[in-house]
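The primary structure of each chain is shown beneath.
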Amino acid sequence: MEQKHPAILGIPWDQPATMIDLDGKPPLIGTIRDCAVHFGLYKPHARTQARILLTQPVHREGRKTRTWLLDPEEIEALADRLNRETN
């Protein structure tokens, strides 16, 4: 099975991160794991607005530089990974 976001899925669960959204709600400051758990609880509209600000940038295929923000589809991949690992 080919992984769609291999660099994203390699982020350690204990890496500090901040979950933000485009609606202006207060950010969630915690770990990647905390952000993935909360993302799983969001309603569909809130999921489309969610972003994670990383403390260490990650490389993405097709981009020349590393990036600091994760988009909703990448956060979804992390939430799926968390679900697989905890069940």
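Residues numbered from 1 in each chain as written. Predicted model: local features only at pLDDT ≥ 70, side-chain atom pairs only at ≥ 80, totals over all residues. Heavy atoms only, no water.

Asker: Give me the overall build of the protein: which residues, what numbers.
Answerer: Counting its secondary structure elements, the protein contains 4 helices and 4 strands. Reading the protein from its N terminus to its C terminus gives the helix and strand order α-β-β-α-α-β-β-α. Against the globule reference of 12 Å for 87 residues, the protein gives a C-alpha radius of gyration of 12 Å, in line with a compact fold. The principal-axis extents of the C-alpha atoms in the protein amount to approximately 30 × 30 × 25 Å. (Helix = DSSP H or I, 4+ residues; strand = E, 2+ residues; numbered from the N terminus. Rg over C-alpha atoms; globule rule 2.2 N^0.38 Å.)

Asker: Lay out the pattern of salt bridges in plain terms, naming residues and giving numbers.
Answerer: A complete count under the given rule lists 4 salt bridges for this structure. Here E76 and R47 are joined by a salt bridge, their closest N and O atoms 3.1 Å apart. Placement of the pair is E76 in helix α4 (residues 72–86) and R47 in helix α3 (residues 44–49), with a sequence separation of 29 residues. Under the relative-accessibility criterion, R47 is labelled partly exposed at 23%. (Salt bridge = Lys/Arg side-chain N within 4 Å of Asp/Glu carboxyl O. Buried < 20%, exposed > 50% of the residue type's maximum accessible area, 1.4 Å probe, protein only.)

Asker: Tell me what's going on with helix α2 (residues 32–41), and back it up with residues and numbers.
Answerer: Along α2, the residues classified as buried are I32, C35, A36 and F39. Take α2 and look down its axis: the buried residues cluster within an arc of 100°, on one side only. Its buried side turned inward, α2 meets β1 (16–21), β2 (28–31), α3, β3 (50–58) and α4. (Arc of directions from axis to C-beta. Contact = heavy atoms within 4.5 Å.)

Asker: Run through the nonpolar core, naming residues and quoting values.
Answerer: Membership of the largest hydrophobic core comes to 18 residues, with the highest contact counts inside it found for I32, I52 and L70. Here I52 is in contact with A17, T18, M19, I32, C35, W68, L69, L70 and I75, once residues within four sequence places are set aside. (Core = buried A, V, L, I, M, F, W, Y, C linked by side-chain atoms within 4.5 Å.)

Asker: Please give an account of the confidence of the model for the protein that cites residues and values.
Answerer: Here the protein shows a mean pLDDT of 89. Residues at 70 or above account for 97%. Averaged pLDDT values over the elements of the protein bottom out at 81 in helix α1 (residues 6–9) and peak at 96 in β2. (pLDDT = per-residue confidence, 0-100.)

Asker: Please set out the environment of H59 residue by residue, giving values where relevant.
Answerer: Within the secondary structure layout, H59 lies in the loop between β3 and β4 (67–70). Classification of H59 by relative accessible area gives partly exposed; the value is 44%. Taking the C-alpha atoms as reference, H59 lies 6.4 Å from A7; in sequence the two are 52 residues apart.

Asker: Mind laying out the packing of α2 against α4, listing which residues take part and the relevant values?
Answerer: Each pair of packed helices can be summarised by the angle the axes make with each other and by the distance between the axes. Contact geometry for α2 and α4: axes closest at 9 Å, N-to-C directions at 95°. Between α2 and α4, the interaxial angle falls into the category roughly perpendicular. Contacts from I32, R33, A36, V37 and F39 in α2 reach P72, I75, E76, L78, A79, L82 and T86 in α4. Looking at the contact of α2 with α4, its residues break down into 9 nonpolar, 1 polar and 2 charged. (Axes fitted to C-alpha atoms, helices over the stretch in contact; angles between N-to-C directions. Parallel < 35°, antiparallel > 145°, perpendicular 65-115°, else oblique. Nonpolar A, V, L, I, M, F, W, Y, C, P; charged D, E, K, R; others polar.)

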